[in-house]
Amino acid sequence: MNPIFKPKLIAGNSNQTLARSIARRISIHRGEPVDLVHARVERFNDQEIFVEVFDNVRGEDMFIIQSTSNPANDNLMELLIMCDALRRSSAHRITAVMPYFGYARQDRRSKARTPISAKLIANLLTQAGIARVLTMDLHAAQIQGFFDIPVDNLYAAPVFALDIKSNFKDLDRLTVVSPDVGGVARARELAERIGADLAIVDKRRSAPGEIASMTVIGDVQDRICIIVDDICDTAGTLVKAADLLSSQGASEVHAYITHGVLSGPAVERVRNSSMKSLVITDSIAPTQEVRMTPNIRIVPVAPLFGQAILNISNGTSVSSLFGADTLEPIYEALYPTAAA
């Protein structure tokens, strides 16, 4: 791609705080002010979404920053309509920056006569004019295959590894725990990054949403356990896993979750749980209740997404951000000891 293009950012209403943080990070890297494109995304009285872009975007390399989190359908429609507005305004290329990719849990037919909604979302984005997708920790990696356009899937594990090394002094006592068999690969990657042991919580379900039994595979006696997963929704399974680990002799239980959906009674469950801390990213805009909960901590992803957007715009490697050597300088302000 022509290197003279500079990335231009526009944001919907799902996570304005993160969008502004990404713009600030890019400003730091470029050494010049980078602001969000001036636009309005609002609703008519009947809740139809209306988008108007005030700045000229003809020939520009556009990045729409929009998580499709709750309310998922409204945020998805905002993204699609914003894309249509930019396409009709002759933008050169449109990249959807989706820190949280909603509908990702519907990635296969679990029963007869059910949809594969993640594939439908991929089709909608492509048909709307999205040329590329930038996201983080897809619920299932195969969702990238639903698209016929490039998909860059960033990982929170390298950032979590920096955070763990900065906040835990005795790394030799750490055990990374996968809350189910399906998340073993994610847990193993984090365990290898910090040199920790690995354990698994094996769940047996009697019915969808109902857990009949849970057992721990691995030794957690007197260990500091770190549960790692991509999504925390109602926190029911997470809290049960933490209680199980505590009953098996774990000295402390912490959790690192990429996307803090935290719906329904989740925050109250976490507040009253045996977990010493729950660490989430700001891929989904945290509510005031989340921010005020003492055992929930938020790790920013703006530095990671800001650099990824610059790399995409410049035509350089995005996968380089998976390595500690590249990531540590980006997060030097937050974790100075790691970059030292």
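See the structure printed just above.
Residues numbered from 1 in each chain as written. Predicted model: local features only at pLDDT ≥ 70, side-chain atom pairs only at ≥ 80, totals over all residues. Heavy atoms only, no water.

1. Quick word on helix H2 (residues 72-88)
- When the terminal C-alpha atoms of H2 are compared, their 24 Å separation across 17 residues agrees well with the 24 Å that a helix rising 1.5 Å per residue should span.
- When H2 is considered as a whole, its buried residues turn out to be Asn75, Leu76, Glu78, Leu79, Leu80, Met82, Cys83, Ala85 and Leu86.
- Phi for Ser90, located one or two positions after H2, is positive at around 70°. (Helix = DSSP H or I, 4+ residues; strand = E, 2+ residues; numbered from the N terminus. Expected span 1.5 Å × (residues − 1). Buried < 20%, exposed > 50% of the residue type's maximum accessible area, 1.4 Å probe, protein only.)

2. Some remarks on empty space enclosed by the protein
- A complete count under the given rule lists one cavity of 30 Å³ or more for this structure.
- Its volume calculated, the largest cavity comes out at about 30 Å³.
- Tyr100, Phe101, Ala104, Met136, Asp137, Leu138, His139, Ile231 and His259 together form the lining of the largest cavity.
- Here the lining of the largest cavity is composed, by residue class, of six nonpolar, two polar and one charged. (1 Å grid on protein atoms, 1.4 Å probe; cavity = no way out; pocket = protein on both sides within 12 Å on 5 of 7 lines; lining within 4 Å. Points joined across faces, edges and corners; volume = space filled by probe spheres on them. Nonpolar A, V, L, I, M, F, W, Y, C, P; charged D, E, K, R; others polar.)

3. A few points about the pattern of salt bridges
- Tallied over the entire structure, the rule returns 20 salt bridges.
- With its nearest N and O atoms 2.5 Å apart, the salt bridge here joins Arg40 to Glu42.
- When the shortest N-O distance is used, the salt bridge between Arg186 and Asp229 registers 3.6 Å. With Arg186 in helix H5 (residues 184-194) and Asp229 in strand S11 (residues 224-232), this residue pair connects regions lying 43 residues apart in the sequence.
- The exposure class assigned to Asp229 is buried, which follows from its relative accessible area of 15%. (Salt bridge = Lys/Arg side-chain N within 4 Å of Asp/Glu carboxyl O.)

4. Looking at the layout of surface pockets
- Put simply, the second largest pocket is a space of about 430 Å³.
- Residue lining of the second largest pocket: 26 residues in total, with Ser69, Asn70, Gly260, Val261 and Ile284 positioned closest to the centre.
- Here the residues of the lining of the second largest pocket sort into twelve nonpolar, twelve polar and two charged.

5. Remarks on the sheet that holds strand S5 (residues 93-98)
- The sheet built from five strands is open, its strands ordered S1-S4-S5-S6-S7 with parallel pairing. Each end of this open sheet is capped by a strand with a single partner; those strands are strand S1 (7-11) and strand S7 (151-154). Each adjacent strand pair in this sheet contributes to an overall mean axis angle of 20°, direction not counted.
- Pairing analysis gives four bridges linking strand S6 (residues 132-136) to S7, with the strands arranged parallel. (Pairing = 2+ DSSP bridges. Axes fitted to C-alpha atoms, helices over the stretch in contact; angles between N-to-C directions.)

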